[in-house]
Amino acid sequence: MTLPTSHKFDQIYRSLLVADVRQHLASFFPSHGFPEEEDLAYVLSVATRLALSGGGDTVENAHAGRRAYEVAIRCLNFANGSTPAVRAVCDLVLSRIGNFPARQLLRGQTERSSAVNDPFLGLEMLVREYENKLHGTGADTVLTDFQVRLIHALEANRSVSVSAPTSAGKSFTLEIELLRRLKDEQSYVAAFLVPTRALIRQVTFDLVGMLRDNDLNSVPVLSAPTVPENIADTHKLIYILTPERLATLLASDDSRLTIDAIMVDEAHEIGESNRGQTLERVLAAMLIRFPKARLFFSSPLRSNPELLLRLFGREEHGEHFIEHLSPVTQNIINIRKVSHKVKTASMELAIENEVMPLGTVELPFAFRGSYMGKFAFHFTNPTDTSIIYCNEPSAADKVALEIAEEVQNEIDDTDLSDLASFLRQEVHSQYRLASLVRKGVAFHYGNIPQIIRGRLEELLRDRKLRFVCCTSTLLQGMNLPAKNIFVEDPKKGRGAPMKKGDFWNLVGRAGRLSKEFHGNVFCIYGKKWDRDVTSDRLAVIESAFEVALKERTAELLQVVKEPPQSAESRELSWAEQTYARIYSDFVSSGKRLADTLDRKTKSEFAEIDSFSEKFKKTLPDTIFLNNFYVHPSRLESVASFLRGTPDLRSWLPVYPSAEGSYQRLVAIFELIEQLLVRSQTQAFRYHAYLANQWMRGNSLRELVANKIARSGAEGVDEINATIRELFRDLEEELRYKYVKYARLYCDVLHAVLSERGLVKEAEALLPIYLFLEYGAANQTLINLMAIGLSRTSALLFKSFLTLRDDLSASDCQGHVNRVNVERSNLPALCKAEINRLRRTRL
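Here's what I pulled together on the structure shown here. In this text, all values refer to a predicted model and were calculated from it rather than measured experimentally.

Secondary structure summary: the chain contains 35 helices and 17 strands in total. Relative to the globule expectation of 28 Å for 842 residues, the C-alpha radius of gyration of the chain, 28 Å, shows essentially globular dimensions. Taken along its principal axes, the extent of the C-alpha atoms in the chain is 90 × 60 × 60 Å. In the chain, buried positions account for 60% of the 842 residues. The contacts in the chain between residues at least 6 apart in sequence include a share of 72% that link residues at least 24 apart. Surface exposure of the chain reaches about 33800 Å², of which carbon and sulfur atoms provide 49%. Separation of charge centres in the chain, based on 105 positive and 107 negative side chains, amounts to 2 Å.

As structure tokens, this is what we get:
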């Protein structure tokens, strides 16, 4: 049972947190009172007892553990907090709550001894440390209690679903489990599933480094949906895939493919409309093909992780639990306007369910107009890093520029200079990010090319960038922590209101495990927020597919009967995707909705079942199974068009370097426009041109120059807006929209070719959807990217070594392992990527 606290403790505890925050903001609160030494001694005494029941297994225990942790880390900053005696008590508290990363941080802050004098307490701490020590990996790492519990669950169960605060170390623990299996099993193929392409680079680097450090250099790590040619020799493999790439992999009929385990990071995304439905459907398809595969789900703090086990029939042989205690805490600081005083703000600290006033402060700027950049600059200490959350890429660019205007001097740092040079050379001489990073400022969002985005993340973690202005990509598992986060009326995606769970996922990025005891989240209330997202930390996981079935039945039924004009309908694409799954289940297994759901929806679902029964399909069942996004009638419309063409060979995709490739691509994209997208514009012509250049392997610099020339952009502002537009075209149009429709087109064309007896042509059909996603049309470049190189590095690396076009992934890895890049003229960013992907130690 949790130890109750007294009114006296509560008062001192709150005043301690307020005093600590005021001290952190000393430039705005120059005179502030310090807690009395006897009060600190009292709360430390209570904290040692609270820590005895301060686990994260229940809300109550987590409450006790959080208070014990806060007292320990805050007392260090006052009065005699730096003395060995006080540090020894704090060390004891952190040991008792199992927060050994924080204890290591505490011990690293001073050379003076802070050992507990009592031999029994010393023995207790030694035992707790031994229990949490990571054994069998060669690493001298002591885990948190949560990480130990998760490892035990992973060892004992076929499936595990865990929910824990951001920065609790979930991904690191899953990597430990992966390492253990690779060492113990004779054959083991695992898929690490990430929500977006933006995360692939980070996970690849982490896993390659882990394998290299543990002498598992022969285990391939691939992010391409292909089966490597040497799988029969290694019997071990790690895939790092998005749900869309996993779907492509599963559509392969390669008999060598096997999956023993799948690890789903950010699994709560299963509730996110279209992408959530894709995730659920591809996992269901994976389990049909590999029913014995183990499933591991990791979600930020959510109240019902068991839902994920239920969705896939793993309740009986699975374990789920919630970790409520975060190893790093956050100060939630509200900043509000003061009437009739444009340079004054009132500040308050949110503590549990209360708000404690910090006081009013005089600002060195006006709290009106554009102020987010000014808040970030003036409230960030010189040694701190800060993330400014922005709702749109254009806003991120703008705020970053505002911050840079406040910074007086450029930073003399080789890494920042190298990045700036790369941006001017490989993007454009007037690309604004180049001048920003020289001042320690950057913007970051999902559409920025991988090599740039990844380098920004690394520089922020190394504290060489002080300010990064981010969009909602940060919410999708991006490991981008900082000391401070600044946010105002946050949105997610295209202006959609942010959910409470997303807000707390964002908040959890403030403060870095093993680097800081806590972070700061500045909530700016310069205007009214659309909704209150600062309460109710424990959000609920939902299935987007189940929500569509049970809560939006009438809309779904209407779309089943009459699909919207465009498959890209922002309002109704969820319904098309829902019916795509319903129909694929019907044709593959005869599953009827009316037999499985409750009476409230029985009549509507009987109508949907009736439509499925009467629908006249002419295509093979596999076409409906492998295409997740559109109403089956759209697939049939593409088939009907192709059947009506006299010369099917004229509709075969060709290599982008072949004569007439652009005209062929225009015809295919026009077909996609007329039958699927139906935007009633001629944008497909530009997208076909861009796609042709992209698949040919044109450099980023060439693509930018072409875009600027076509648009006639002049001046720095217009040029940078055009570059941002190009990045959006590449990521959202080519690499997402046209990838999924090109896949659909190729599947239907393959079926129609086979109908006409053109089997040879069907089997030789080019996978232009892969060419579109990777921005390359030869095996070597795709495999260089599959092992972890960015597109820019792959292009430059292939050119530097004059590699053939048909190298396998293992051949590409061999070149990466052997080449001496220091003798090359490759950009420093590319050299760094290559060195990180080496499978042998330098």
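There is more to say after this.
Bridge count for strand β8 (residues 329–338) against strand β9 (residues 341–351) is 7 bridges, and the pairing is antiparallel. Paired with Ile-333 across the two strands is Leu-349, which belongs to β9. Counting the residues between successive antiparallel strands, the hairpin from β8 to β9 contains 2 residues, one of them, His-340, with a positive phi of roughly 65°. As paired strands, β9 and strand β10 (residues 354–362) are joined by 8 bridges and run antiparallel to one another. Along β10, the bridge assignment pairs Thr-344 with Glu-362.

Turning our eyes to something else, we now look at the pattern of salt bridges. Following the criterion strictly, the structure yields 62 salt bridges and no others. Close ionic contact of Arg-336 with Glu-348 constitutes a salt bridge, the shortest N to O distance being 3.0 Å. Within this pair, whereas Arg-336 is found in strand β8, its partner Glu-348 is found in strand β9, the two being separated by 12 residues in sequence. A salt bridge links Arg-728 to Glu-733, with the shortest nitrogen-to-oxygen separation between them at 3.6 Å. What makes Arg-728 partly exposed here is its relative accessible area of 31%. In the salt-bridge network here, residues are joined through shared partners; they are Arg-201, Asp-413, Asp-415, Arg-455, Glu-458, Lys-464, Glu-833 and Arg-836.

Our next topic: a nonpolar patch on the surface. Side chains of Leu-123, Leu-126 and Val-127 sit close together on the surface and give an oily, nonpolar patch of about 290 Å² of accessible area. Structurally, Val-127 can be placed in helix α6 (residues 119–131). Look at Val-127 and you get partly exposed, because its relative accessible area is 41%.

Attention now goes to the sheet that holds strand β7 (residues 318–322). With parallel pairing, 7 strands are arranged side by side in an open sheet as β3-β4-β2-β5-β6-β1-β7. Lying at the two open borders of the sheet, with one neighbouring strand each, are β3 (221–222) and β7. Inspection of the sheet shows strand β2 (residues 188–193) paired to strand β4 (residues 236–241) by 6 bridges, in the parallel sense. Among the inter-strand pairings, Tyr-188 is bridged to a residue of β4, identified as Lys-236. Together, β2, β4 and β5 (261–264) form the strand contacts of helix α11 (residues 243–251), whose direction differs from that of β4 by roughly 130°.

Another aspect to go through is the sheet that holds β10. Ordered in space as β10-β9-β8-β17-β14-β11-β13-β12, the 8 strands form an open sheet in which the pairing is mixed. Only two strands of the sheet have a single neighbouring strand rather than two, namely β10 and β12 (441–444). Between one strand axis and the next, the sheet turns by 20° as a mean value, whatever way the strands run. Along the sheet face, helix α1 (residues 7–24) touches β8, β9, β10, β14 (484–487) and β17 (518–525) and points at about 30° away from the line of β10. Relative to β8, helix α3 (residues 59–75) is tilted by about 80°, and along the sheet it contacts β8 and β17.

Turning to the packing of aromatic side chains, a few remarks are in order. Considering all chains together, one arrives at 28 aromatic pairs under this definition. Centroid distance Phe-9 to Tyr-13: 5.7 Å. Interplanar angle 15°. Geometry classified as stacked. Linking Phe-9 with Tyr-13, this pair stays in helix α1, spanning 4 residues, or about one helical turn. Across the pair, exposure class does not vary: Phe-9 and Tyr-13 are buried alike. Arg-336 extends its terminal NZ or CZ atom over the ring of Tyr-525, reaching a point 4.2 Å from the ring centre. Sitting over the ring of Tyr-769, Arg-743 keeps its end group 5.9 Å from the ring centre.

What follows concerns unusual backbone geometry. The residue Glu-266 is not glycine, and still its phi comes out positive at about 55°. You can see Glu-266 is positioned in the loop between β5 and α12 (273–289). Its identity is not glycine, yet Glu-352 carries a phi of approximately 55°, on the positive side. The residue Glu-352 is located in the loop between β9 and β10 in this model. Residue classification places Glu-352 among the partly exposed residues on the basis of a relative accessible area of 38%.

This brings us to the environment of Gly-108. Relative to the helices and strands, Gly-108 is located in the loop between α5 (100–107) and α6. Sequence separation between Gly-108 and Ile-623 is 515 residues, and the spatial gap between their C-alpha atoms is 59 Å.

As for its position among the elements, Ser-223 is in the loop between β3 and α10 (231–234). Taking relative accessible area as the criterion, Ser-223 reaches 4% and is therefore assigned buried. What Ser-223 contacts, discounting residues up to four positions off in sequence, is Ile-200, Ile-240, Leu-241, Arg-245, Tyr-774, Met-785 and Ala-786.

Parameters at a glance
- Residues numbered from 1 in each chain as written.
- Predicted model: local features only at pLDDT ≥ 70, side-chain atom pairs only at ≥ 80, totals over all residues.
- Heavy atoms only, no water.
- Helix = DSSP H or I, 4+ residues; strand = E, 2+ residues; numbered from the N terminus.
- Rg over C-alpha atoms; globule rule 2.2 N^0.38 Å.
- Buried < 20%, exposed > 50% of the residue type's maximum accessible area, 1.4 Å probe, protein only.
- Contact = heavy atoms within 4.5 Å.
- Areas by Shrake-Rupley, 256 points an atom, 1.4 Å probe, with all protein chains shown as cover.
- Lys, Arg positive; Asp, Glu negative; His and termini not counted.
- Charge placed at Lys NZ, Arg CZ, Asp CG, Glu CD.
- Pairing = 2+ DSSP bridges.
- Salt bridge = Lys/Arg side-chain N within 4 Å of Asp/Glu carboxyl O.
- Patch = residues over 30% accessible without salt bridge, like charges linked within 9 Å, V, L, I, M, F, W, Y side chains within 5 Å.
- Axes fitted to C-alpha atoms, helices over the stretch in contact; angles between N-to-C directions.
- Phe/Tyr/Trp six-rings, centres within 6.5 Å; stacked < 30°, edge-to-face > 60°.
- Lys NZ or Arg CZ within 6 Å of the ring centre and 35° of its normal.

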